Amino acid sequence: MPEPRHVVAFSGGKDSSALAIYLHDPERWRRALGKTGLPPRAPLEAPEYVFCDTGTELEETYDYLNRLETYLGTPIQRLAADAPPGETPFDHYLKLYRGFLPSPQMRWCTRKLKLEPYERHVGDDPVISYVGIRADEPDRVGYISTKPTIQTVFPFKEDGIVKEDVYRILEDSGMGRPAYYDWRSRSGCYFCFFQRRSEWVGLLENHPELFERAMAYEREDPETGERYTWGDAEPLVDLKQPERVAQIKQRTADRLARLEQTRVGPTLLAQLFPESGLLDEARDLEDPDAGCSICHL
Ligand code: SF4
């Protein structure tokens, strides 16, 4: 039986990034975070870092991955689903799915664009797959392969690493958070249907061309009148109207004001990331759902 490969898959989000940084030098981070009494953990031997690229990620994600590669001193392999030249993997599969946009109920995108390229990459070798679900996320499951050769492990759960520790790792390592955190909290495709309304407004204001592209995917069936939209009920053409944008922004401002009134002192998140930390908390008030446990780690 060959020695297992050690594979860390990034989503471009904070937890998977912090996990790679943590596993790069576990004892240093344990000391820094005051995690004592744990069984010894050595740095990973010959780690493989991978990123499953849908072809429709944000440029902030690619920038962050480039910086992370420098920090880790090891390339992050970009894995992509097969697609004809000139077509993104997402567009290719959208055609195969006859234009049916993915949704939380029909999430073909995660399987085709993230899981299958990953499983093809690891093949039939024995693999230990490192996943960044934290100790304070007891209900989150994450990626568990059906392949018997892939063993999934959760170092953050094992070592009691919680959200505040993740922020500390990102800040103290000098990596910080990906720049999209200024307007959105989740990694993944620019049109991800898990986006909150305030994040769609963030896309509109920060990447208007991507917002237009996302809007172009939405359509109405001329025969049935049925609408295919990213959001549950609101087409992007309605959401982008100035009065609707103002309303969504006002609701975010109200949540921020509530947070400021009710807090006893600034949280670690707000201390470490004064510009975007509080906004991040307000987004969680808008919709606390953790989104996709594979794409948004
Ligand atoms: S980020 Fe969202 S749209 Fe993209 S693959 Fe993941 S679930 Fe699908």
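Residues numbered from 1 in each chain as written. Predicted model: local features only at pLDDT ≥ 70, side-chain atom pairs only at ≥ 80, totals over all residues. Heavy atoms only, no water.

1. Structural notes on the packing of helix 8 (residues 197-206) against helix 11 (residues 242-262)
Axis separation between helix 8 and helix 11 bottoms out at 10 Å; the angle between their running directions is 120°. Relative to helix 11, helix 8 is oriented oblique. By crossing handedness, the relation of helix 8 to helix 11 is classed as left-handed. Counted together, Arg-197, Ser-198, Val-201, Leu-204 and Glu-205 of helix 8 and Arg-244, Val-245, Ile-248, Lys-249 and Thr-252 of helix 11 form the full contact between these two elements. Among the residues forming the contact of helix 8 with helix 11, the class breakdown is 4 nonpolar, 2 polar and 4 charged. (Axes fitted to C-alpha atoms, helices over the stretch in contact; angles between N-to-C directions. Helix = DSSP H or I, 4+ residues; strand = E, 2+ residues; numbered from the N terminus. Parallel < 35°, antiparallel > 145°, perpendicular 65-115°, else oblique. Left-handed = near helix turned anticlockwise from the far one by under 90°. Contact = heavy atoms within 4.5 Å. Nonpolar A, V, L, I, M, F, W, Y, C, P; charged D, E, K, R; others polar.)

2. What about helix 11?
Taking 1.5 Å of rise per residue, 21 residues should cover 30 Å, and helix 11 covers 30 Å from first to last C-alpha, within 8% of that figure. Among the residues making up helix 11, those that are buried are Arg-244, Val-245, Ile-248, Thr-252, Arg-255 and Leu-259. Down the axis of helix 11, the buried side of the element spans an arc of 110°, and every buried residue falls inside it. Residues Pro-242, Glu-243, Glu-260 and Gln-261 are exposed on helix 11 and point more than 90 degrees away from its buried face. Where helix 11 is buried, its residues meet helix 8, helix 10 (236-239) and helix 13 (277-286). (Expected span 1.5 Å × (residues − 1). Buried < 20%, exposed > 50% of the residue type's maximum accessible area, 1.4 Å probe, protein only. Arc of directions from axis to C-beta.)

3. Considering the packing of aromatic side chains
Using the criterion set out here, one finds 16 aromatic pairs in the structure. Here the aromatic rings of Phe-100 and Tyr-228 are separated by 5.5 Å at their centres, their planes lie at 90°, and the arrangement is edge-to-face. Pair noted here: Phe-100 is in the loop between helix 4 (89-96) and helix 5 (108-122) and Tyr-228 is in strand 7 (residues 227-228), with a separation of 128 residues, a long-range link. For Phe-100, a relative accessible area of 40% gives the class partly exposed. According to the relative accessible area criterion, Tyr-228 is buried, its value standing at 15%. Between Tyr-180 and Tyr-181, the aromatic rings sit 5.2 Å apart at their centres with planes inclined by 20°, giving stacked as the arrangement. What makes Tyr-181 buried here is its relative accessible area of 3%. In this structure, Arg-28 is placed above the aromatic ring of Trp-29, and the distance from its NZ or CZ to the ring centre is 4.0 Å. (Phe/Tyr/Trp six-rings, centres within 6.5 Å; stacked < 30°, edge-to-face > 60°. Lys NZ or Arg CZ within 6 Å of the ring centre and 35° of its normal.)

4. Focus on the pairing of strand 2 (residues 47-52)
The buried fraction of strand 2 amounts to 5 of the 6 residues, a majority that puts the element mostly inside the structure. Across 5 bridges, strand 1 (residues 5-10) lies against strand 2 in parallel orientation. Paired with Val-7 across the strands is Glu-48, a residue of strand 2. Sheet topology places strand 2 next to strand 3 (residues 76-79); 4 bridges connect them, and they run parallel. The residue bridging Cys-52 from the neighbouring strand is Leu-79, located in strand 3. (Pairing = 2+ DSSP bridges.)

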